[in-house]
Amino acid sequence: MANKFGMFLIGGVVGAVAALLAAPRTGVETRAMVADKANDILGDAQQWGGQAAAGAQHIYQEAASKGAEVVNSVTAKGQEIASEAAARGADVAASIQEAASNISPTINEKGDELREKIEAARQRIADQVSKNAGEDADAMSDAVEDVKDAAADAGEAVKAAAHEAKDAVDAAADQKDDK
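Residues numbered from 1 in each chain as written. Predicted model: local features only at pLDDT ≥ 70, side-chain atom pairs only at ≥ 80, totals over all residues. Heavy atoms only, no water.

J.: Can you walk me through empty space enclosed by the protein in this structure?
T.: Empty space left among the atoms is revealed by rolling a probe the size of a water molecule over them. Taken as a whole and judged by the stated rule, the model has 1 cavity of 30 Å³ or more. Lining the largest cavity, in full, are Leu9, Val13, Ile41, Ala45, Trp48, Ala161, Ala162 and Ala165. Elements with a minimum of two residues in the lining of the largest cavity: α1 (2-22), α2 (27-103) and α3 (105-178). Residues belonging to the lining of the largest cavity are distributed by class as follows: 8 nonpolar, no polar and no charged. (1 Å grid on protein atoms, 1.4 Å probe; cavity = no way out; pocket = protein on both sides within 12 Å on 5 of 7 lines; lining within 4 Å. Points joined across faces, edges and corners; volume = space filled by probe spheres on them. Helix = DSSP H or I, 4+ residues; strand = E, 2+ residues; numbered from the N terminus. Nonpolar A, V, L, I, M, F, W, Y, C, P; charged D, E, K, R; others polar.)

Put into structure tokens, the structure is as follows:
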């Protein structure tokens, strides 16, 4: 899209230059007028580039903010799940311990095995939550870098189009002088 916009700008500049060159003015007046217009266009292009950079910075900040929100949300949800799992695990472990002490030593052995399994499951859940939070943070970091790169590319495209337009205007002025 930046290429189409650049071509549009160049077409507009070339049309304006052609209109200026066909006007009944002296070469000095025409060159002065073309130079003024080229400077105006260059200033506008630089302003657009600055606005594009500011917009990209705003998008970057929003993306970073959303990323932080997502990471915080995932972390909070993971902690909540881990807390609930721990609370449920503790409740189950307490119930099992009470039943085991009332029944027999064989049940005590089975209760110990069950507690170990519950602890292992609790640890797996906590590890998975941590892993998911890290992956989300990496994905947001990659998205932020992509936005920064896109903004930089857009700024460069605008500058290049402005310089091409100025070169076209200068070339047209030189051709007018040669005639």
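J.: Looking at this structure, I do not really get the environment of aspartate 170. What am I missing?
T.: Among the secondary structure elements, aspartate 170 is positioned in helix α3. A residue is classified by how much of its surface remains accessible, and aspartate 170, at 33% relative accessible area, is partly exposed. A sequence separation of 136 residues divides aspartate 170 from valine 34, and the C-alpha atoms of the two residues are 8.0 Å apart. (Buried < 20%, exposed > 50% of the residue type's maximum accessible area, 1.4 Å probe, protein only.)

Function-wise, these values are silent; they only describe arrangement.
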